[in-house]
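Fold and contact review
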Amino acid sequence: MRVKRFLQNMAVGVGGQMFTYILQFISRTVFIYTLGKEYLGISGLFSNIIGVLSVTELGLGAAVTFSLYAPLANDDKKRINSIMRMLRRAYFLIGAFILAAGIILIPFLPYLMKKTTDLVNIPFIFMLYVIETVSSYWFCSYKSLIFNADQKRYVVNLYSYFAKIIGTACQIVVLFTLKSYVLYAIIGILINILGNFMIAHRVDVCYPFLKEKAEPLPRAEKKEIYKNVIGTAAYKVNTMLINSTDNIVISAFISIAAAGVYDNYYMISNSVFTFIRSLFTSATAGIGNFVAKEEKKQSEFLFRVMMFAMFWMFGFATICLWVLLDPFITLVWGDDFLLEKVVVVAIILEFLIKSFQVVTIVYKDACGLFWKGKYRPVATMIINLAVSLLLVQKLGVLGVVLGTIASRLLTTWWFEPQLIYRNVFGMSCKMYFVRYFCAVAFVAVYIGILEIISLPFTEATFINLGIKSILCLLIPNFFTWIFFRKTEEFTYLKNMISGTVNRVLRKGEKRRDVNG
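Description of the structure in this document. (Residues numbered from 1 in each chain as written. Predicted model: local features only at pLDDT ≥ 70, side-chain atom pairs only at ≥ 80, totals over all residues. Heavy atoms only, no water.)

1. Quick word on the environment of Val345
Put simply, the rule is: Strands here mean DSSP runs of E at least two residues long; helices mean DSSP runs of H or I at least four residues long; both are numbered from the N terminus. The cut-offs for exposure are 20% and 50% of the maximum accessible area for each residue type, with area from a 1.4 Å probe on protein chains only; residues under the lower value are buried, those over the upper are exposed, and the others partly exposed.
Note on placement: Val345 falls in helix H13 (residues 341-355). You can call Val345 partly exposed: its relative accessible area is 28%. A C-alpha to C-alpha distance of 9.6 Å links Val345 and Leu321, two positions 24 residues apart in sequence.

2. Some thoughts on helix H16 (residues 397-425)
Stated formally: The span expected for a helix works out to 1.5 Å for each residue beyond the first. A residue's bend is simply the angle between two axes: one fitted to the seven residues ending at it, one to the seven starting at it.
With 29 residues, H16 extends 40 Å from end C-alpha to end C-alpha; this agrees with the ideal 42 Å at 1.5 Å per step. Leu409 marks where H16 bends most, by close to 45°. A large share of H16 lies buried, amounting to 21 of its 29 residues. Trailing H16 by a residue or two, Gly426 shows a phi angle of about 65°, which is positive.

3. Topic: the environment of Ala169
Within the secondary structure layout, Ala169 lies in helix H7 (residues 153-177). Considering only alpha carbons, one finds Ala169 and Ile26, 143 residues apart in sequence, at a separation of 9.4 Å.

4. Examining the packing of aromatic side chains
What counts, and what does not: Between the rings of Phe, Tyr and Trp (Trp by its six-membered ring), a pair exists once the centres lie within 6.5 Å; its type follows the angle of the planes, with under 30 degrees stacked, over 60 edge-to-face, and the other angles tilted.
Taken as a whole and assessed by the stated rule, the structure comprises 45 aromatic pairs. A centroid spacing of 6.2 Å and a plane angle of 35° characterise the contact between Tyr181 and Tyr184, whose relative ring orientation is tilted. Taken together, the positions of Tyr181 and Tyr184, both in helix H8 (residues 181-206) and three residues apart, correspond to about one turn of that helix. When its relative accessible area of 3% is taken as the criterion, Tyr181 is described as buried.

This is the structure in structure tokens:
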């Protein structure tokens with residue numbers, strides 16, 4: 001059952017995200033050509049400010065999801081209902097706080113928008129972004145967490161992707177026909193509410209007992225949940241600030257147009273990151289169940305298998321970004337949207353460091369290690385902001401990205417593995433770092449080989465981009481298969497994939513026999 005639900009979560013996550021990313025890319029391209037660079041900067045800035053305000057959620061969702069694992073496994077409906085009741089009230093208060101904070105922030109917006117122009121009514125547009133976020137907390141989004149905890153994240157994804165597809169399509173039509181930034185933002189609000197209502201309705205159908213009157217949670221259990229919230233709050237705040245403050249700093253100290261150019265690079269790299277990460281986060285609930293039932297040695301082997309898959313997929317993605325990112329941006333949006341090469345190298349390096357942390361973070365969440373290591377994210381936040389603010393005035397965009405890299409290298413990348421190996425596996429993490437550096441070395445070698453081979457195809461044309469894409473696909477994946485095909489991790493992955501494919505084919509044959 002764990003494998004089946006993991007595969008359902010993964011399949012829906014991958015398929016839905018691929019389609020929505022294509023739509024979002026089309027939408028951004030239309031946005032750039034109809035509204036321009038400064039509007040793009042404003043959109044990215046407001047989204048990141050809202051991301052900072054959303055830290056008030058403090059990881060409550062992750063902590064509550066963890067607290068739902070046991071009652072769902074034991075079919076304890078009363079306890080589930082009580083937890084969801086507490087969550088509903090908490091989310092309403094969070095939404096109210098974000099609304100109030102957004103209103104208070106309006107007078108300070110000009111200080112975060114250097115070299116901008118009076119293109120639109122800035123306070124009005126900003127409040128539309130605030131309302132879109134608040135609507136998530138006030139219109140039933142808390143109900144989606146029960147699907148996540150019950151290893152049915154694919155249900156949430158299906159409805160979310162459906163709403164995003166409709167919304168993005170409507171936004172594209174509005175940009176093409178009316179070129180209205182206001183209507184573009186309003187559609188975002190309406191689609192967000194629609195998606196939440198559809199998910200809430202499905203929850204009511206699947207878990208009808210949630211409509212019954214819920215009893216308050218016992219004080220001891222509330223205390224445990226709040227303890228987990230406090231433990232995960234630092235991680236939540238850290239993630240939000242690292243992902244959101246870069247664009248804000250660039251907008252405040254350089255220009256809103258520079259923020260728009262940087263946001264294109266971030267959008268592409270983050271879409272790739274989120275897409276691949278979804279393959280691993282789909283397994284979070286299943287990992288928590290596996291670790292609780294299996295021996296430490298088996299859990300550590302599963303961790304190594306996931307690490308191998310992560311190194312392969314994210315390493316391949318890093319190589320593709322290195323070779324293809326600049327030519328792609330040149331062909332689609334033009335030379336005006338290119339950053340200096342050294343800045344692009346820093347962005348890709350930050351992508352690699354962030355990507356190679358995914359599995360340790362998934363394991364940390366799955367095993368409920370919210371309290372332990374709670375001070376590490378504080379250090380990451382302080383280093384990120386301090387270095388970014390120090391270097392942005394001397395190095396510009398490069399300084400901001402270097403601040404993010406420094407914060408990750410000095411804290412997360414070495415701390416998280418130790419946390420997992422010490423508290424989950426009870427063993428040394430020495431071999432983890434050996435594998436990590438080997439993976440980085442392989443990526444560097446592949447990039448060097450591709451740089452040499454692709455020298456005849458440096459001109460930015462669609463033909464050269466296609467040739468480079470084929471080279472990126474063939475060379476690293478072929479040599480990775482050559483070097484690792486006989487390892488335990490590769491064998492396990494191959495058997496799991498082939499077994500899944502065979503099961504799907506057998507089910508298809510059975511259906512055809514029944515229908516025939």
